[in-house]
Amino acid sequence: MHLTAEEERILEGEEGWAASKAMEILVALGDAVGADRLIPVEWAHVSGVSYKNLGDEGASLLERFASDGRFRIRTTLNPIGMDLERWREMGVDRAFREGQLRILRALEAMGAELTLTCTPYYIRRPRLGEILAWAESSAVVYANSVLGARTNRESGLSALSAGLVGKTPRWGLLLEENRRATHLVRAPGRLDRLGYSALGALVGEAVGDGIPLIHGPRPGEGEMKAMGAAMAAWGAVSMFHVSGVTPEAGRAGDPVEVLELEHGDIEDFIESHMGEAEYVALGCPHLSASELREIRESLRAGRIKVRLVLFTSRTVRDSNRGLVEELEALGARVYVDTCMVVSPITGKLGPPGLRSGKALFYLEKKGYGPGRAFFFRL
Ligand code: F3S
């Protein structure tokens, strides 16, 4: 990979240890994937920042980066293992909290924004064509597909490095020619939210890391959020197109591989994951303000009769205080900074009912939390 004189200087350590280490990581990645050069990035989003993932060793590494590293671009963070205020009631102990705070202090010292959400696009909506280095698979697929921004599916470390250097290797989904569809998926026209989650899971399983072009349904943004998150978890999809809906569908090409899914396939998948849930957890990915409003309307109308645990970002909560208070007065519990997968709450409350194909994948298939979770139709 070609480096400019300035990039060489950073690599040689003239701007400190952290920048040099970050450059070394980007160069190794760029060489491995055959990138020709680095390009500027506007925004890095770092995942894997829970103490559960990193432990003390990871915290020490971040402290080393923080000794002289400073982010050069906006750098935001994924959810952590607890709500920073309501950690006790989630079943988090003091030792975990201390470890988690060590990680956040190190990242904050480098200049990260403590957003702690998997929906950074609700903080600022990236522009069409904007170059990002995001490392949360559900946010990656949303940015590429729904918004037409450009990001590869970064790891936590490569996103951190992009934040420290302000650049990323030019390859993969940053290039126009790699954004065309690999599979045509014919799907039913009318689906509810759970149906979109199931469709995402089935498509993800079938196409792996391909790019599906979906023909038939006309999902809204919340539905595409659920569908994309499921595709990224059950497969490794980082981009999809929906005919007549997503911004790049018109130039998705004509894929030869075809997948036909009927209503019955989707309902069978849902049915095979139904069961006795103790409560319902919503917010994987984190809920938007409009989704919180929808839930409030359903609660007010008495359409939801189960115990609800909701997850959103502190950004959305702080700008919708009245709404959140009302949801809590109606019996829901609203947490921020974390989720049903990365916090210990599911282990504490028993098997949850879900509308999210991604959460189902982690809680049921991967055995996080109680190891049991079910789809639930609200
Ligand atoms: Fe977000 Fe947690 Fe789901 S990080 S995408 S709510 S697994």
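The sections below set out a description of the structure shown in this document. (Residues numbered from 1 in each chain as written. Predicted model: local features only at pLDDT ≥ 70, side-chain atom pairs only at ≥ 80, totals over all residues. Heavy atoms only, no water.)

1. Here's the deal with the overall build of the protein chain
And step 1. Of regular secondary structure, the protein chain possesses 14 helices and 14 strands.
And step 2. The C-alpha radius of gyration of the protein chain comes to 21 Å, within 12% of the 21 Å expected for a compact globule of 378 residues.
And step 3. Seen through its C-alpha atoms, the protein chain measures out along the principal axes to roughly 65 × 55 × 35 Å.
And step 4. Relative to its full complement of 378 residues, the protein chain shows a buried share of 58%.
And step 5. A separation threshold of at least 6 residues defines the contact pool for the protein chain, and within that pool the share at least 24 residues apart is 75%.
And step 6. Here the protein chain displays about 15,000 Å² of accessible surface, and carbon together with sulfur accounts for 48% of that area.
And step 7. Across the protein chain, 46 positive and 51 negative side-chain charges occur, with their mean positions spaced 5 Å apart. (Helix = DSSP H or I, 4+ residues; strand = E, 2+ residues; numbered from the N terminus. Rg over C-alpha atoms; globule rule 2.2 N^0.38 Å. Buried < 20%, exposed > 50% of the residue type's maximum accessible area, 1.4 Å probe, protein only. Contact = heavy atoms within 4.5 Å. Areas by Shrake-Rupley, 256 points an atom, 1.4 Å probe, with all protein chains shown as cover. Lys, Arg positive; Asp, Glu negative; His and termini not counted. Charge placed at Lys NZ, Arg CZ, Asp CG, Glu CD.)

2. A look at the layout of surface pockets
And step 1. In this structure, the largest pocket spans a volume of roughly 560 Å³.
And step 2. When grouped by side-chain class, the residues that make up the lining of the largest pocket number 11 nonpolar, nine polar and five charged.
And step 3. Quantified by volume, the second largest pocket comes out at close to 420 Å³.
And step 4. Of all the elements in the fold, those that place two or more residues in the lining of the second largest pocket are α7 (193-207), α8 (221-234) and α10 (289-300).
And step 5. For the lining of the second largest pocket, the element with the highest residue contribution is α10, accounting for five residues.
And step 6. Taken together, the residues of the lining of the second largest pocket sort by class into five nonpolar, four polar and 10 charged. (1 Å grid on protein atoms, 1.4 Å probe; cavity = no way out; pocket = protein on both sides within 12 Å on 5 of 7 lines; lining within 4 Å. Points joined across faces, edges and corners; volume = space filled by probe spheres on them. Nonpolar A, V, L, I, M, F, W, Y, C, P; charged D, E, K, R; others polar.)

3. Some details on the site of the ligand
And step 1. P79, C118, E136, S138, G283, C284, P285, C339, V341 and K358 make up every residue found near the ligand.
And step 2. Its atoms largely coinciding with the cavity grid, the ligand occupies the largest pocket.
And step 3. It is strand β10 (residues 279-287) that provides the largest number of residues to the shell around the ligand, a total of three residues.
And step 4. Considered class by class, the residues forming the shell around the ligand number six nonpolar, two polar and two charged. (Near = heavy atom within 4 Å. Sits in = over half its atoms within 2 Å of the grid points.)

4. Brief notes about the sheet that holds strand β12 (residues 333-336)
And step 1. As summarised here, the arrangement of the five strands in space is β12-β11-β10-β13-β14, forming an open sheet in which the pairing is parallel. Unpaired on one side and paired on the other, β12 and β14 (374-375) mark the two borders of the sheet.
And step 2. Where strand β13 (residues 352-354) and β14 come together, two bridges link them in parallel fashion. Across the sheet, G353 pairs through a bridge with F374, a residue of β14.
And step 3. Those strands touched by α10 are β10 and β11 (308-312), and its axis lies near 160° from that of β10. (Pairing = 2+ DSSP bridges. Axes fitted to C-alpha atoms, helices over the stretch in contact; angles between N-to-C directions.)

5. Quick look at the packing of aromatic side chains
And step 1. According to the stated counting rule, one finds 10 aromatic pairs in the structure shown.
And step 2. For the pair Y121 and Y122, a centre-to-centre distance of 4.9 Å together with 75° between the ring planes defines the contact as edge-to-face.
And step 3. Take Y121: its relative accessible area is 4%, and that puts it in the buried class.
And step 4. For Y122, a relative accessible area of 26% corresponds to the partly exposed category. (Phe/Tyr/Trp six-rings, centres within 6.5 Å; stacked < 30°, edge-to-face > 60°.)

6. Here we look at empty space enclosed by the protein
And step 1. Evaluated as defined, the whole model comprises two cavities of 30 Å³ or more.
And step 2. In this structure, the largest cavity spans a volume of roughly 120 Å³.
And step 3. Forming the walls of the largest cavity are 13 residues, and the residues nearest its centre are R193, G283, C284, R355 and S356.
And step 4. Listing elements by their share of the lining of the largest cavity, those giving two or more residues are α8 and β10.
And step 5. For the lining of the largest cavity, the element with the most residues is β10, which contributes six residues.
And step 6. Class assignment for the residues of the lining of the largest cavity results in seven nonpolar, two polar and four charged.
And step 7. Approximately 40 Å³ is the volume attributed to the second largest cavity.
And step 8. Surrounding the second largest cavity, E176, R179, R180, H241, E248, R251 and A252 form its lining.
And step 9. A class-by-class count of the residues in the lining of the second largest cavity yields one nonpolar, one polar and five charged.

7. Details of the pairing of strand β6 (residues 183-186)
And step 1. The sheet contact formed by β6 and strand β7 (residues 212-215) spans four bridges and is parallel. Bridge pairing in β7 links H183 to P212.
And step 2. With respect to chirality, the unit in which β6 leads through α7 into the neighbouring parallel β7 is right-handed.
And step 3. Sheet topology places β6 next to strand β9 (residues 257-260); four bridges connect them, and they run parallel. Bridge pairing in β9 places L184 opposite V258. (Right-handed = clockwise from strand over helix to strand, strands pointing away.)

8. Thoughts on the sheet that holds strand β3 (residues 74-77)
And step 1. Read across the open sheet, the three strands follow the order β3-β2-β4; overall the sheet is parallel. One side of each edge strand has no neighbouring strand; the edge strands of this open sheet are β3 and β4 (132-134). Direction aside, neighbouring strands of the sheet carry axes that sit 10° apart on average.
And step 2. The pairing of strand β2 (residues 43-46) with β3 spans four bridges and is classified as parallel. Note on β3: the bridge partner recorded for V46 is L77.

9. Focus on a negative patch on the surface
And step 1. Together, E262, D265, D268 and E271 make up a region of like negative charge exposed at the surface.
And step 2. On the accessibility criterion, D265 (34% relative accessible area) is partly exposed. (Patch = residues over 30% accessible without salt bridge, like charges linked within 9 Å, V, L, I, M, F, W, Y side chains within 5 Å. Salt bridge = Lys/Arg side-chain N within 4 Å of Asp/Glu carboxyl O.)

Functional significance is not addressed by these values, which are geometric in nature.
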